[in-house]
Amino acid sequence: MQKVYNIGVEATLEVIGGKWKPVILCHLNHHGKIRTNEFRRLIPGISQKMLTSQLRELEQAGLIHRKVFNQVPPKVEYSLTTYGQGMEPILNMLCTWGEKHVELLQDKGEDVLLKQRDEDIAMQQTS
């Protein structure tokens, strides 16, 4: 049976939809390679089960690469594939829009905190 998308964003959201996949992709976009325990530090609200599930789905979609090192204790490293790197402009735009949204909420007097701005992460990576 043929799969039908009514608009392109449906196909995009099928691959990166949900709470955690864009967050995982943004971290990989900024950090290059990330180990499983580092993800847990970068994304404190995600459970191990959910992290594993989301990483597997992103790997199956061809957006990330999982490299297993043959050592004890086991070491696994994740990175964006070339295909996944094509999402960089989209991920950057999502981060920028989110930062502006947080500023708007703060201007309205809402108690909102943004721990780290996209440009701050990028600057850390170049230094």
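Residues numbered from 1 in each chain as written. Predicted model: local features only at pLDDT ≥ 70, side-chain atom pairs only at ≥ 80, totals over all residues. Heavy atoms only, no water.

**Q** Please provide a residue-by-residue account of the side chain of K75, values included.
**A** Along the chain, K75 turns up in strand β3 (residues 75–80). Summary of buried charges: K75 has no salt-bridge partner, and the nearest side chain of opposite charge, E77, is 4.3 Å away. If we skip the residues at most four places from it in the chain, K75 touches R35, K67, V68 and F69. (Helix = DSSP H or I, 4+ residues; strand = E, 2+ residues; numbered from the N terminus. Buried < 20%, exposed > 50% of the residue type's maximum accessible area, 1.4 Å probe, protein only. Lys, Arg positive; Asp, Glu negative; His and termini not counted. Salt bridge = Lys/Arg side-chain N within 4 Å of Asp/Glu carboxyl O. Contact = heavy atoms within 4.5 Å.)

**Q** Lay out the environment of L58 in plain terms, naming residues and giving numbers.
**A** With respect to the helices and strands, the residue L58 is situated in helix α4 (residues 48–60). When the C-alpha positions of L58 and Q116 are compared, they lie 24 Å apart, and in sequence the two are 58 residues distant. Beyond its immediate stretch of four places on either side in the chain, L58 contacts V15, K21, I24, L25, L63 and I64.

**Q** Let's hear about the pattern of salt bridges: which residues, and what values?
**A** According to the stated counting rule, one finds three salt bridges in the structure shown. Put simply, E14 and K3 hold a salt bridge, and the shortest N to O gap is 2.6 Å. Here E14 is found in helix α1 (residues 8–16), whereas its partner K3 is found in the segment before α1, with eleven residues between them in sequence. The exposure class assigned to E14 is partly exposed, which follows from its relative accessible area of 41%. Where K21 meets E57, a salt bridge forms, and the shortest distance between an N and an O atom there is 2.5 Å.

**Q** For the state of the cysteines, give the residues involved together with the corresponding values.
**A** Evaluation of the coordinates by the stated rule reveals zero disulfides. The closest cysteine sulfur to the non-disulfide-bonded C26 is located on C95, 3.5 Å from its own sulfur. When its relative accessible area of 19% is taken as the criterion, C95 is described as buried. (Disulfide = S-S within 2.5 Å.)

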